[in-house]
Amino acid sequence: MNLRSSQTQRITFYLVRLMLAGLILVTGTACSISLLEWPFPTVPTSTPGPVIPTATPFPAAQVTFEAVLPAPLLPGETLAISLVDEVTGLSFNTVNYPMQPKDAQTYAVNLPLAVGSVVKYRYILAGSAPAIEATSLGAPVRYRMYYVTGPGVATDIISAWANRPFTGSTGQIQGRVLNADTGAPLPNMLITGGGAQAWSDSSGRFSLWGLPPGTHNITAYAPDGTYIPFQQGAQVAAGLVTPVELRVKPAPLVNVIFTVSVPANTVKGAPVRLAGNLLQLGNTFADLNGGLSTTASRMPTLTRQADGRYSLSLYLPAGVDLRYKYTLGDGFWNAEHKTSGEFVLRQLIIPQTNAPIQINDTVETWQAGNSAPILFQVKAPAVTPPGDVVYIQFNPYGWTEPIPMWPLGNNQWAYKVYSPLNMLGDFTYRYCRNAECGSADDQATAGNNPIGRRVSTSLMPQDIQDTIMGWNWLKESGPVTITSSPIQKRSAGFVAGVELQPMQHPTWSTHMPQAFQNIQALGTNWVFVTPSWTYVHSRPLVFTIQAGKDVFWNDSLSMVSQARALNLNVAIFPSPRFPVASANWWLDAPRGPDWWNAWFDSYRQFALHHADLAAQSGAQALILGGEWLAPAMPGGTLADGSASGVPADAENRWRSIIAEVRAHYKGPLWWAWPYTPGNLASMPGFIFETDSLYLLWQAPLATSSETPRDQITAQAGRLLDEEVAVLQNAYKKPIVLGLAFPSTTTAGTACLPDLQGRCLEWTVLSRPNPDYPSLILSLQRQADLYQAMLEAVNTRPWVGGVVSRGYYPPALLQDKSASVHGKPAADILWYWFPRLLGITR
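A quick note: this is a predicted structure, and the numbers were derived from the prediction, not measured.

Conventions used here
- Residues numbered from 1 in each chain as written.
- Predicted model: local features only at pLDDT ≥ 70, side-chain atom pairs only at ≥ 80, totals over all residues.
- Heavy atoms only, no water.
- Helix = DSSP H or I, 4+ residues; strand = E, 2+ residues; numbered from the N terminus.
- Rg over C-alpha atoms; globule rule 2.2 N^0.38 Å.
- Buried < 20%, exposed > 50% of the residue type's maximum accessible area, 1.4 Å probe, protein only.
- Contact = heavy atoms within 4.5 Å.
- Areas by Shrake-Rupley, 256 points an atom, 1.4 Å probe, with all protein chains shown as cover.
- Lys, Arg positive; Asp, Glu negative; His and termini not counted.
- Charge placed at Lys NZ, Arg CZ, Asp CG, Glu CD.
- Pairing = 2+ DSSP bridges.
- Axes fitted to C-alpha atoms, helices over the stretch in contact; angles between N-to-C directions.
- Core = buried A, V, L, I, M, F, W, Y, C linked by side-chain atoms within 4.5 Å.
- Phe/Tyr/Trp six-rings, centres within 6.5 Å; stacked < 30°, edge-to-face > 60°.
- Lys NZ or Arg CZ within 6 Å of the ring centre and 35° of its normal.
- Disulfide = S-S within 2.5 Å.
- Expected span 1.5 Å × (residues − 1).
- Arc of directions from axis to C-beta.
- Salt bridge = Lys/Arg side-chain N within 4 Å of Asp/Glu carboxyl O.

**Some points on the overall build of the chain**
Step number 1: Looking only at helices and strands, one finds eight helices and 48 strands in the chain.
Step number 2: The C-alpha atoms of the chain give a radius of gyration of 28 Å, which matches the 28 Å a tight globule of 841 residues would have.
Step number 3: For the chain, the spread of C-alpha atoms along the principal axes amounts to about 75 × 65 × 55 Å.
Step number 4: Of all 841 residues assigned to the chain, the portion counted as buried reaches 60%.
Step number 5: For the chain, contacts bridging at least 24 residues in sequence account for 77% of all contacts bridging at least 6.
Step number 6: By element, 53% of the accessible surface of the chain is carried by carbon and sulfur atoms, the whole surface being about 30,900 Å².
Step number 7: Taken together, the 54 basic and 55 acidic charged side chains of the chain have centroids lying 4 Å from each other.

This is how it looks when you write it as structure tokens:
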């Protein structure tokens, strides 16, 4: 049998186990039947250090939490502080403590907490209309943080409740997070204050918006634990900005070796994972499907030893407050339980030590309650791409995060569910590839919110056997016939590239190494990586990093490193994420003078952040610009043709931004400009100061879905000769064409019509966006458009390169999107790119 496990990492650390009120750790053993067996290698061991007992007390301190309400409670309502568990899920395994009134709007509670712990909590309202607290901007509070260094008082101001809108004035905190030893700015630090959360950028800057006046506790926290938490108070006044500077000290790494005994009914060979509250233990710090925050694919896997126990060695930072559990799934599904049925969450404060520490744990049971485990076995179709992993996704109350199944060989997969079946009666499930449920689905349960296959819990064991008859957006396809004139080898510096789509999920990191290999196999010499920030609000303007939606700093560095290891040149092309179509977002934005000042300030931070990323990662180019920026260009217009109100000095503002970017990144700076017929003459002057032009092709090449390919080639040639070549003569620098052709019949017309006849943005078809049934799938049309454009480029040696846009990395899909992954268009690129580069296959 061929069960896959990740290689054991040799990382070291020392831990102290402790018991908190409501988080009592119990160990034990349970027995059942093992259904599947596979041999596993043993993990090499080092000379052990001290053995930490299973429940070592640790000094506790009395902390008083005081909450100031926005208004007095109504009759019958009570207030509680809720300590949350981010490993299991913020809504699960909470520990709630009632609070007592000090006056009509101030409540308090005293809690004994372990010194060194970082408490994640929020306030909840109980009564006829229960609710959790919300920010002044209407978002639910994920959690606040308090770092326990000794006895203390945490005074919090509650802005609003989820069912009662905020009223009143607010202020803002702006600050920087710096390394206390070196003064260097720190990116990717989580900052909490007043119920709001923010992530620091490359300069260490962050902003907390919409805080009610008063003193707030500000906490800086490293998601991987590499810096010791820091907190301080900050006074906020209405309508003003409070500056703060947070200096955090780096934490040294220490070694721990986890060894765990598992119940006898554990499926032998099933991957046992370590789930935890740190980034490297699967925590995404985001609200994922079903309210979960951890994902199995990012968790380290323990290795089975000869004696049946499992072991893992990690390097983790001293001083970190580690919350963790063992699991056969993620933090919610198939995680360890107490025999009494409760979720287990272990806590360890890691002190500094030079010796490796051995941690011996015992999982009491994987089960919860009397419901018997359910074994799911499924046969995948023969067209399943080699290397794909089949996932199973459960819907007990809403779809949760997909779980990787266990491979049995011959396209057969299994997964045994032990828990938390005690919480369920009937529930549904479905299968997908590479965790892309909603995109790479079983045909029987396709879409973002299908009904799914139904199963019921039982006191008797169940063996569910399914067959996947076919995958959505995946069919067998024959070879592609390519006809072309002799291909002219281009000069050095020609770009044959692929641009990744900007919408990404934390699970994608698992699939990126294979994706880069697939891209390299097309004969490319460039890949454009597309990290993003999110426009959270337009009133007030909030443009920032959002966990789970925007790629973290270290993940971006890792992607560049993986691509460079394959000898691919890398360009950083940052993009924004909008809550609605970008054209509609601009139409709805206030766009007054103060708003535009805030917009240019936020774009400057966005550009400098990615300039620093390009510099630190060693990227070969940085690309700014894009389709979405048209309203911010000098003399900018909106989608309806009206003036955007951009400031009259926009040209000078852009020149200033470019000058600052060049101070941060010394490599080539490109500008991405959307090309439609006639718009090149209006290109702003500042763009001529950049080093290359990335021309985002949006010009129509066909008048209908029936236009033959030779006419498409001719039209492409005319546009290149009559418009693009004129620009090239004036620009006198490389011009690279960025092509985004969706796999639809109307792609050549440069308009994806909706039911009202309006043209949709091509990115609406990118995954995981829902399908547009009114648009007709045509893989051949996409291939024809690429063939036509490449034929036109072939006879025009002044064109500096061709890039295929919108590549979907995690799974091969023959859908309507612009991605060429797994489509006939990829075969076109495979044929053309090496020959243009002079590479003989």
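Alright, that's what it looks like, and here's the rest.
**Concerning the sheet that holds strand E17 (residues 205–211)**
Step number 1: Taken together, three strands build an open sheet; the order of strands is E17-E14-E20 and the sheet is mixed. Only two strands of the sheet have a single partner each, and these edge strands are E17 and strand E20 (241–248). Across this sheet, the average inter-strand angle for adjacent strands is 25°, counted without regard to direction.
Step number 2: Across eight bridges, strand E14 (residues 171–179) lies against E20 in parallel orientation. The residue bridging Gly175 from the neighbouring strand is Val244, located in E20.

**Some points on the nonpolar core**
Step number 1: Counting residues in each nonpolar core, the largest one holds 179 residues, and the members touching the most others are Phe376, Trp599, Tyr603, Trp654, Trp671 and Trp697.
Step number 2: With eleven residues, helix H4 (residues 593–617) is the largest single contributor of residues to this core.
Step number 3: Contact partners of Trp654, with chain neighbours within four places excluded, come to Trp599, Phe600, Tyr603, Leu629, Ala632, Met633, Pro634, Trp671 and Phe686.
Step number 4: Counting 26 residues, the second-largest nonpolar core is a separate cluster that includes Val63, Val95, Tyr123 and Tyr146.

**Some words on the packing of aromatic side chains**
Step number 1: Under the counting rule described, the total for this entry stands at 56 aromatic pairs.
Step number 2: Pairing Phe92 with Tyr397 gives two aromatic rings, centres 5.9 Å apart and planes at 50°, and the pair type is tilted. Of this pair, Phe92 sits in the loop between strand E5 (78–83) and strand E6 (95–98) while Tyr397 sits in the loop between strand E29 (390–395) and strand E30 (403–404), placing them 305 residues apart in sequence.
Step number 3: The partly exposed category is assigned to Tyr397, whose relative accessible area is 44%.
Step number 4: The side chain of Lys733 reaches across the aromatic face of Tyr731, ending 5.6 Å from its centre.
Step number 5: Directly above the aromatic system of Tyr831 lies the positively charged group of Arg835, at a separation of 3.9 Å from the ring centroid.

**Some details on the pairing of strand E25 (residues 321–327)**
Step number 1: Counting buried positions along E25 yields seven of seven residues, so the element is predominantly enclosed.
Step number 2: Residues Asp321, Arg323, Lys325 and Thr327 point to one face of E25 and Leu322, Tyr324 and Tyr326 to the other, with burial holding for every one of them.
Step number 3: Inspection of the sheet shows strand E22 (residues 273–276) paired to E25 by four bridges, in the antiparallel sense. Each bridged residue has a counterpart across the sheet, and for Gly276 the counterpart in E25 is Tyr324.
Step number 4: As judged from the four bridges shared by E25 and strand E26 (residues 346–349), these two strands associate in the antiparallel manner. When the sheet's bridge partners are listed, Leu322 is paired in E26 with Leu348.

**Quick notes on the state of the cysteines**
Step number 1: For the structure shown, the criterion picks out two disulfides.
Step number 2: Paired by a disulfide, Cys432 and Cys437 hold their sulfur atoms 2.0 Å apart. Every disulfide takes its handedness from the sign of the S-S torsion; for Cys432 and Cys437 that torsion is -70°, giving left-handed. In terms of burial, Cys432 and Cys437 fall into one category: buried.
Step number 3: Numbered by order of appearance in the sequence, the disulfide-linked cysteines of the chain pair as 1-2, 3-4.

**Remarks on the sheet that holds strand E40 (residues 569–572)**
Step number 1: Taken together, the eight strands give a closed barrel; going around it, the order is E36-E37-E40-E42-E43-E44-E45-E48, and neighbouring strands pair in parallel fashion. Within this sheet the neighbouring strands show an average axis-to-axis angle of 25°, counted without direction.
Step number 2: Across six bridges, the pairing between strand E43 (residues 669–675) and strand E44 (residues 692–697) is parallel. In the sheet register, Ala672 faces E44, and the bridge partner there is Tyr694.
Step number 3: Each of strand E42 (621–625) and E43 touches helix H5 (residues 650–664); the most contacted strand, E43, lies at about 140° to it.

**Looking at H5**
Step number 1: In this model H5 runs 21 Å from its N-terminal to its C-terminal C-alpha over 15 residues, within 8% of the 21 Å that 1.5 Å per residue would give.
Step number 2: Turning to H5, its buried residues are Ala650, Glu651, Trp654, Ile657, Ile658 and Val661. Down the axis of H5, the buried set is contained in an arc of 125°. They therefore lie on one face. Those residues of H5 that are exposed and aimed more than 90 degrees away from the buried face are Asn652 and Ala663.

**A short note on the pattern of salt bridges**
Step number 1: All told, the structure shown has 32 salt bridges when counted by the stated rule.
Step number 2: In this structure, a network of salt bridges that share partners links the residues Glu86, Lys120, Arg142 and Asp287.

**Considerations on the pairing of strand E33 (residues 426–433)**
Step number 1: Of all eight residues that make up E33, seven are buried, and the element is covered over most of its length.
Step number 2: Pairing of E29 with E33, which is carried by six bridges, proceeds in the antiparallel orientation. Counted as the bridge partner of Ile392 is Tyr431 from E33.

**Observations regarding the environment of Ala264**
Step number 1: The residue Ala264 is located in the loop between strand E21 (253–261) and E22 in this model.
Step number 2: By relative accessible area, which is 43% here, Ala264 ends up partly exposed.
Step number 3: Residues Ala264 and Gly308 lie 44 residues apart in sequence; the distance between their C-alpha atoms is 9.4 Å.

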